[in-house]
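A structural walkthrough
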Amino acid sequence: MADFEMPVKTRGVGVFLELRTRLQSGLLIIRKDVAGNPAGVVVTGGDSSLHIRTPTNEVTLILPPGVSYVEESNVPTTGGESCEQERHFRLQISVSHSQTEGSSDIVRTLRAQETYCFYCQSCTTRLLEDRLFKRVLPLPNGNWNAIVDDWCCHSDPFAKKMLPRAEDCLLGDTFFLLTRDGSCERTLLQEVSPADSQDNQDPKKPCSRMVLVSCMSCSSVLGEALTQETLRLYITQVLVESSVGDRQPESSFSRSLFLERTIAARLAEVSNSMSSFHFSVQTPSGKPFLLLWLLNTDSIVASVPEWSASSPTHHSPSLSAERALKLLFIACSHMGLQQQDIATSWEVNATGHPMVLPLKVCEELLQVIEDSNAALPGSMRHMRAYKVRHNHKCQKITITNC
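Throughout, a residue's number is its position along its own chain's written sequence, starting from 1. This being a predicted model, a pLDDT of at least 70 is required before a residue's local features are given, and a value of 80 or more before pairs of side-chain atoms are given or counted; all residues contribute to the totals for chains, interfaces and linings. Neither water nor hydrogens contribute to the side-chain values; these are computed over all heavy atoms in the structure.

**Brief notes about the overall build of the chain**
Numbering of helices and strands starts at the N terminus; helices are DSSP runs of H or I of at least 4 residues and strands are runs of E of at least 2. Scanning the chain from N- to C-terminus turns up 6 helices and 27 strands. The classification of residues rests on relative accessible area computed with a 1.4 Å probe and restricted to protein chains. Under 20% of the type maximum is buried, over 50% is exposed, and intermediate values are partly exposed. A burial count over the chain gives 48% of its 402 residues as buried. Counting only contacts in the chain whose residues sit at least 6 apart along the sequence, the fraction spanning at least 24 positions is 66%. Per element, the accessible surface of the chain, about 19600 Å² overall, is 50% carbon and sulfur. Here, two residues are considered to be in contact whenever any of their heavy atoms come within 4.5 Å of each other. Computed with a 1.4 Å probe, the accessible areas rest on the Shrake-Rupley method; for each residue, only the protein chains presented here act as cover.

In C-alpha cells form, the structure reads like this:
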C-alpha cells in the first residue's frame, strides 16, 4: 500500500547533518548535484567544528562544546530511494562530556514559597501580579481517567474535579490551574465560546460551551474559566517570571519559536519523567489533532539550504549545529488508510499520552511541524506511514511524517 503524503511546501536542502551523541555517530546528506562524486567530498574536524568541502562549495559547522569529529571516519552509504538525488555518508563523533543543558520547561521551574508574575505571551502585558504559591502540585497524568477502572472495584472515587485552593498552583501537562484574584478584573476578559467553535464535537454529546479567558490588552485567548474562581491558563499562551529582581519577560522570540521551545521542553520532560514516547495532542473537547512519536532527544542537527552547485568554489559562512528532538507525526485531519489504522490503534489501546491545547494552538503547532518537515532532505521526510520532524530542543523541532 502506498504511503499517503500531505502536500507540503518543500525547500531545497544542500547539506544536512544529524549527529547522535549517545551513539557517537552521524549522518551527512548532501544533494547529489552539490556533492558530485562521493570521492570529491572531504570532511575534516576542528575544535568543536566540522568542515565540509565539495568540488564547488565549502562550509564550516560549529558543534556544541565537547563534540568533535573523528578524522577520516566518513564513509559513503546507500541513500535508499533517494540515491538519485542525494549522497549519504556515515561518520563518527567523539563526545567528551555529557551534553545536557538547562531546560526551559516552564512547568518544571515553578516552586512553592516563591513569587511569580504571569505575562501574556503575545503582548507581554502583566496578567497576574506577584503570585506567592504556598503549594505547587502536579495533577494526575493525562491517562489516569482511562485506567481508573483497573484500580478500583467500586465507583470512581476521583470523579470530583480537582481544583486549586487559594494560593495553590496545580500543574497539568500543558496548563496551570489557578484561582482568580483582584488583578484579574483589570487584565482578563471572559466570554462564552461560540457554538460553532467546539471543533466539531460529537453531535450525540450535549453541547457545553467553554468560558474563554483572554488578554484585555490584545484579545489573545489564554485559556478557560473552569469555575467562577478557577482559571486554566495554557503554557503556550503565558510567560512566567520570578518576581525576584523584577526580571522582564523575553519579547524578542517569534511566536513560532516560542511555541516550538515550549512544546519541545514539555515533550522531553514528560518523556523523561514518565518513560512515555507517544503523545496525542488534543483539543479541550478531547478530539485528537496530532499524534507524535518521540524517537530521541540526543540529536544535533544543522542544514545548509539551497547550496549552489555553480563554480567557482564558494565558502559559506560558519553555521551552528543545534540540539534537537526527533519526532514522527501524523496529522489527524490529513490521514490515509495507514494513518487511520494507526490512529485507531492508538485510541483503542490508549497509547498516546494526552497533551491538551487550544484548537488554534494545535493548528499553529502543526504549521511549525510541517515547516520543519519541509526543511529536511527528501529521504528523511517520511518513515512508513509517519512523517518526520526534528525539533531543536528548546529552539527548534525536526519532524518526520509517518
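**Considerations on the environment of L91**
Within the fold, L91 resides in strand β8 (residues 86-95). Relative accessible area serves as the criterion here: at 3%, L91 is assigned to the buried category. Counting along the chain gives 17 residues from L91 to N74, while the straight-line C-alpha distance between them is 4.2 Å. Those residues within four positions of L91 in sequence are excluded, and the remaining contacts are L17, L19, S25, G26, L28, Y69, S73 and N74.

**Side note on the sheet that holds strand β15 (residues 211-215)**
Taken together, 7 strands build an open sheet; the order of strands is β11-β12-β13-β17-β16-β15-β14 and the sheet is mixed. In this open sheet, the two strands that pair with only one neighbour each are β11 (135-138) and β14 (188-192). Across this sheet, the average inter-strand angle for adjacent strands is 25°, counted without regard to direction. Paired strands are those between which DSSP finds at least two bridges. Sheet topology places β14 next to β15; 5 bridges connect them, and they run antiparallel. Following the sheet pairing, V192 is matched in β15 by V211. Only the stretch in contact is used when fitting a helix axis, every axis being a line fitted to C-alpha atoms; angles between N-to-C directions are given from 0 to 180 degrees.

**Some details on helix α5 (residues 337-348)**
Along its 12 residues, α5 runs 16 Å from first to last C-alpha, staying within 8% of the 16 Å computed at 1.5 Å per residue. For α5, every residue scored as buried is listed here: Q339, I342, A343 and W346. Looking straight down α5, one finds that the buried residues subtend no more than 100° of arc, so they occupy a single side. Exposed and oriented more than 90 degrees from the buried face of α5 are L337, D341 and V348. In the segment just after α5, A350 is the residue with positive phi, at about 50°. One less than the residue count of a helix, multiplied by 1.5 Å, gives the span that helix is expected to have. Picture the helix axis, draw a direction to every C-beta atom, and the arc is the one those directions span.

**Observations regarding the pattern of salt bridges**
Oppositely charged side chains can form a pair if their charged atoms are brought close together. In the sections that follow, a salt bridge refers to a side-chain nitrogen of Lys or Arg positioned within 4 Å of a carboxyl oxygen of Asp or Glu. Applying the stated criterion across every chain, the model contains 11 salt bridges. The salt bridge partner of D298 is R22, with a shortest N-O separation of 3.8 Å. Highlighted residues: D298 in strand β20 (residues 288-305) and R22 in the loop between β1 (13-20) and β2 (25-31), separated in sequence by 276 residues. Residue D298 is classed as buried on the basis of its relative accessible area of 5%. When its relative accessible area of 59% is taken as the criterion, R22 is described as exposed. Of the charged contacts in the structure, one is a salt bridge between R131 and D181, with a shortest N-O distance of 2.8 Å. Of this pair, R131 sits in strand β10 (residues 126-133) while D181 sits in the loop between β13 (175-179) and α3 (184-187), and the two are 50 residues apart along the sequence. By relative accessible area, R131 is classed as buried at 9%. Residues joined in a network through salt bridges with shared partners are R20, R22 and D298.

**A look at empty space enclosed by the protein**
Cavities and pockets were defined on a 1 Å grid built from protein atoms only: a cavity is a group of points that admits a 1.4 Å probe but offers it no way out, a pocket is an open group of points flanked by protein on both sides within 12 Å along at least five of seven lines, and a lining residue is one with an atom within 4 Å of any such point. Grid points are joined across faces, edges and corners, and a volume is the space filled by probe spheres set on the points. Under the definition given, this model contains 2 cavities of 30 Å³ or more. Volume-wise, the second largest cavity comes out at about 30 Å³. Lining the second largest cavity, in full, are I263, L267, V281, L292, M355, L357 and L365. Residues belonging to the lining of the second largest cavity are distributed by class as follows: 7 nonpolar, no polar and no charged. Each residue is assigned to one of three groups, with Ala, Val, Leu, Ile, Met, Phe, Trp, Tyr, Cys and Pro labelled nonpolar, Asp, Glu, Lys and Arg labelled charged, and all others, Gly among them, labelled polar.

**Let's talk about unusual backbone geometry**
One non-glycine residue, T124, adopts positive backbone phi at about 60°. Locating T124 in the fold gives a position in the loop between β9 (114-120) and β10. Of note in the backbone geometry, E167 takes a positive phi value of approximately 70° without being a glycine. Mapping E167 onto the fold places it in the loop between α2 (144-147) and β12 (168-171). The class of E167 is partly exposed, set by a relative accessible area of 37%.

**Some words on the sheet that holds β10**
The 3 strands are arranged β10-β9-β18 in an open sheet whose pairing can be described as antiparallel. In this open sheet, the two edge strands, each paired with only one partner strand, are β10 and β18 (238-242). On average, each strand axis in the sheet is inclined to that of its neighbour by 25°, with strand direction left out of account. Sheet topology note: the β9/β10 ladder contains 5 bridges and is antiparallel. In the sheet register, F118 faces β10, and the bridge partner there is L128.

Note that all results are geometric; they support no functional claim without further evidence.
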